[in-house]
There are 2 protein chains.
Amino acid sequence: MTTITMAIAELEARIRRIFTNCGVRAETAGAVARVIAAGERDNCKSHGIYRVEGCLRVLKAGKVAPDAIPEVRSGEGPIIRVDAGGGYASPAYEAARPTLIERARRQGLAALVINDCVHFSALWYEVEDLAGEGLAVLSMCPSHAAMAPSGGRAPLLGTNPFAFGWPRPGKDPYVFDFATTLVARGEIELHEREGKALPEGWAVGPDGQPTTDPSAALAGAMLPFGQHKGSAIATMIELLAGAMLGDFMSQEAREFMEGTRLLPRHGALILAFDPSAFSQGRDRDPLADGERLLQGIADQGARLPSQRRYAARRIARAEGIRLSTEEVALLDRLEAQGLGAVRC
Amino acid sequence: MTTITMAIAELEARIRRIFTNCGVRAETAGAVARVIAAGERDNCKSHGIYRVEGCLRVLKAGKVAPDAIPEVRSGEGPIIRVDAGGGYASPAYEAARPTLIERARRQGLAALVINDCVHFSALWYEVEDLAGEGLAVLSMCPSHAAMAPSGGRAPLLGTNPFAFGWPRPGKDPYVFDFATTLVARGEIELHEREGKALPEGWAVGPDGQPTTDPSAALAGAMLPFGQHKGSAIATMIELLAGAMLGDFMSQEAREFMEGTRLLPRHGALILAFDPSAFSQGRDRDPLADGERLLQGIADQGARLPSQRRYAARRIARAEGIRLSTEEVALLDRLEAQGLGAVRC
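From a predicted model like this one, the values you see are computed outputs, not experimental measurements.

1. With respect to the relation of the copies chain B and chain A
The operation relating the pair of chain copies consists of a rotation about an axis and a translation along that axis. Placing chain B over chain A gives an RMSD of 0.0 Å and needs a rotation angle of 180°, together with 0.0 Å of translation along the axis. Here the copies are linked by what is in effect a two-fold axis. For chain B, the minimum C-alpha distance to the rotation axis belongs to G226(B) and amounts to 2.1 Å. Interface residue correspondence from chain B to chain A reaches 100%, placing this contact among same-surface, isologous pairings.

Next up, the structure:
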């Protein structure tokens, strides 16, 4: 495969231009470009350049507001709200970020509620960002209904990502971010393309019965990781980051977007904890104790999450991001032709 | 099996007497008895009468303070602390409970940090209690190091329970509470007694290699549910409910108790959310939306968690709790002979 090397900043600038060319507000285009370029930088292909067209597709369908200005509403308590106004999620996060950090440091605990956003980014981006500020972070959101509950027969829950970050002074933070499905939808699509049967436990077909046929699985529903335990966590995410925020759960997100072809619209919940506040009055250093655990995990030869991303990032920073000619051609096309080049 | 039926209140009173006879402070004995009787009432045998002797064993070993008076320290912010003083966890929770509820209602979000407690109860008890007050609740704590991280070779993480509650007006709350191990240690012990091989993926032996031999598994380490995802959640619990609280993680809990024979001592974290505060300004009813989801799960024929407990409770309330003659004999013995009857 022929590859072209592009600096991270150049990729980010190109993505930003693509969005502003399509009539997206400059600050929004900047926030979206930062997240997508970071995904590609980390070789997280599902959230890299691939997402540009997905974000534009929802714009072309008239289902995202390109000119929405996020509105932060914050009293004195631990809950901070930002109304994304039907725009993309990332600018809403950026708008509320300083308040969230300040509040978490001052009160020890704070929650950010994002409402009415079109969600396209991996959760690790924000989780890692806040962990870099010395905070522990929990983040979750619904998605499109695409998964049956454990023991169930039809799509009801989303792939509902769950992410966590923990600060590591002088090191990349401890960050995990995973879907509550057993596997990503892309994995099932790969089996379909290759004509391979699925392992047991991945999915049910449209008839609600367990299936190993990838086409039946794609027409049916995925199943949760960890059986009833993963199912319970996905349900918790619907409740905490959907119902509790007065926002869509995954079923309604899917109805709003008339299927799963477009990005989902819903809310998101981020909890930020200041370890120094939680350990106040205790004669221990939470971050040093955390290091002991994480070192213990690595010493057993077990992999800490996100290490592949961090390794890819180091290479991208030193050498630029390697893109295929097809990826660069897509960027060229989107930059020149705008929404006209977006495949629906 | 001959059974004896006992009213819930009678069982609770008997357990209370057993503890006060052993020199445990009356308020503490009351709190401990309430939790254990509730476990037995719900036919949750691992946290029922079985726990009485476990709680007394740690007392006989001099590793729990029978006269500790929990000290609640609460400023104005969302974090409430209770120092259990090396006593049992339950009286510490009871002491801090009113402040936690008041704070969560007033500020929308509050965290309870319990430090220095000997932990013996299932998390569902407190989670259900707070959900009954209209709050959403997340609860977690470390345990004894008994589980290897995914891809690891030796005990480092605890069985680290994770629990969640959501209020359902007019119904029993939605509550889940599970260990982050794939199976309970008792399951492995059962296979050993029956001379049956374990399924793959349950455990590693003392050599760090995967094993299907239950004896090797018991001498080695259990493995997490959901592979790397469950492992990540167990790690998160060590960090958030151990390191962050300036308290023991599972490794240190095990060292303090010189193995896993005695109950662990560590901290615990409870997060309480007021759905009406989180959804403020939104034109939706979070609890009604939650009902729609939970009904949707049930309508698919999928089981909601805790339903077996609630069913057992209804029977116990109507007919009393059925105990075996052995269980009643144990209660008789403990009541008459105190710590002298406790097997170490």
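2. Digging into the pairing of strand 7 (residues 174-178) of chain B
All names here are of chain B. Counting buried positions over the five residues of strand 7 gives four, a clear majority of the element. Where strand 6 (residues 162-166) meets strand 7, five bridges bridge the pair, whose relative direction is antiparallel. Residue pairing across strands places A163 opposite D177, the latter belonging to strand 7.

3. Considerations on the domain arrangement of chain A
Residues and elements named next belong to chain A. Considered domain by domain, chain A is made up of domain 1 (1-60 + 306-344), domain 2 (71-179 + 223-302) and domain 3 (183-222). Put simply, the middle of domain 2 and the middle of domain 3, counted by C-alpha atoms, are 28 Å apart. If you look at the interface, domain 2 gives ten residues, while domain 3 gives eleven residues. Of the roughly 740 Å² buried between domain 2 and domain 3, counting both surfaces, carbon and sulfur atoms make up 50%. For the interface between domain 2 and domain 3, the tally reads zero salt bridges.

4. A look at the state of the cysteines
All names here are of chain B. Counted by the stated rule, this structure contains zero disulfides over all chains. Counting only cysteine sulfurs, C117 is the nearest neighbor of C141, a cysteine outside any disulfide, at a range of 7.4 Å. By relative accessible area, C141 is classed as buried at 2%.

5. As for the environment of P286(A)
Tracing the sequence through the fold places P286(A) in helix 11 (residues 286-299). On the basis of relative accessibility, which here comes to 7%, the residue P286(A) falls in the buried class. Along the primary structure P286(A) and S276(A) are separated by ten residues, whereas in three dimensions their C-alpha atoms are 7.3 Å apart. The contact partners of P286(A), leaving out residues within four places of it in the chain, are W166(A), P275(A), S279(A), A243(B) and M244(B).

6. Some remarks on the packing of helix 2 (residues 26-41) of chain A against helix 4 (residues 89-107) of chain A
All names here are of chain A. Contact pair helix 2 / helix 4: the axes reach a minimum separation of 8 Å and the direction vectors enclose 100°. By the criterion of interaxial angle, the relationship of helix 2 to helix 4 is roughly perpendicular. Here helix 2 contributes T28, A31, V32, R34 and V35 to the contact with helix 4, which in turn contributes S90, P91 and E94. The residue inventory of the contact of helix 2 with helix 4, partitioned by class, reads four nonpolar, two polar and two charged.

7. Thoughts on the sheet that holds strand 10 (residues 221-222) of chain A
All names here are of chain A. In space, the three strands of this open sheet follow the order 9-8-10, with antiparallel pairing throughout. The open sheet terminates on both sides in strands that have one partner only, identified here as strand 9 (210-211) and strand 10. For strand 8 (residues 203-204) and strand 9, the ladder comprises two bridges, and the chain directions are antiparallel. The partner of A203 across the bridge, within strand 9, is T211.

8. Some words on unusual backbone geometry
Even without being a glycine, N43(A) presents a positive backbone phi close to 55°. Non-glycine residue S306(B) carries a positive phi angle of around 75°. Structurally, S306(B) is set in the loop between helix 11 (286-299) and helix 12 (307-319). The exposure class assigned to S306(B) is buried, which follows from its relative accessible area of 13%.

9. What to know about the side chain of S143(B)
Relative to the helices and strands, S143(B) is located in the loop between strand 5 (136-140) and strand 6. Residue classification places S143(B) among the buried residues on the basis of a relative accessible area of 13%.

10. Considering the pattern of salt bridges
Following the criterion strictly, the structure yields 66 salt bridges over all chains and no others. Connected through shared salt-bridge partners, R41(A), D42(A), E128(A), R309(A) and R313(A) make up one network.

11. Observations regarding the interface of chain B and chain A
With 72 residues of chain B in contact, the opposing surface of chain A contributes 72 residues. Contact between chain B and chain A buries roughly 5,900 Å² in total, counting both sides, with carbon and sulfur atoms accounting for 70%. Note that E252(B) is salt-bridged to R284(A), the shortest N-O span being 2.6 Å. Counting across the interface, chain B meets chain A through 18 residue pairs in polar contact (both at pLDDT 80 or more). The element best represented in the side of chain B that touches chain A is helix 8 (residues 227-241) of chain B, accounting for nine residues. Classifying every residue of the side of chain B that touches chain A gives 44 nonpolar, 17 polar and eleven charged.

12. Let's talk about the nonpolar core
Among the nonpolar cores identified, the biggest contains 79 residues, and F162(A), M236(A), L269(A), F162(B), M236(B) and L269(B) are the most heavily contacted of them. In this structure, M6(A), I15(A), L262(A) and L331(A) belong to the second largest nonpolar core, which totals 36 residues.

13. Focus on the sheet that holds strand 5 (residues 136-140) of chain A
Residue and element names in this part refer to chain A. The sheet built from seven strands is open, its strands ordered 2-3-4-11-5-6-7 with mixed pairing. For this open sheet the edge positions go to strand 2 (71-74) and strand 7 (174-178), each flanked by a neighbour on one side alone. Averaged over all pairs of adjacent strands, the angle between strand axes in this sheet comes to 15°, irrespective of strand direction. Two strands pair when backbone bridges link them, and strand 5 and strand 6 (residues 162-166) are joined in this way by four bridges, in the antiparallel orientation. Bridging across to strand 6, S139 finds its partner in A163. This element, helix 5 (residues 124-131), spans strand 5, strand 6, strand 7 and strand 11 (265-273) of the sheet and lies at about 20° to strand 6.

Conventions we followed
- Residues numbered from 1 in each chain as written.
- Chains lettered and ligands numbered in written order.
- Predicted model: local features only at pLDDT ≥ 70, side-chain atom pairs only at ≥ 80, totals over all residues.
- Heavy atoms only, no water.
- Least-squares fit on C-alpha atoms with pLDDT ≥ 70 in both.
- Contact = heavy atoms within 4.5 Å.
- Buried < 20%, exposed > 50% of the residue type's maximum accessible area, 1.4 Å probe, protein only.
- Helix = DSSP H or I, 4+ residues; strand = E, 2+ residues; numbered from the N terminus.
- Pairing = 2+ DSSP bridges.
- Domains from an automatic or database assignment.
- Buried area = accessible area lost by both parts, 1.4 Å probe.
- Salt bridge = Lys/Arg side-chain N within 4 Å of Asp/Glu carboxyl O.
- Disulfide = S-S within 2.5 Å.
- Axes fitted to C-alpha atoms, helices over the stretch in contact; angles between N-to-C directions.
- Parallel < 35°, antiparallel > 145°, perpendicular 65-115°, else oblique.
- Nonpolar A, V, L, I, M, F, W, Y, C, P; charged D, E, K, R; others polar.
- Polar contact = N/O pair within 3.5 Å; in protein donor to acceptor, adjacent residues only side chain to side chain.
- Core = buried A, V, L, I, M, F, W, Y, C linked by side-chain atoms within 4.5 Å.

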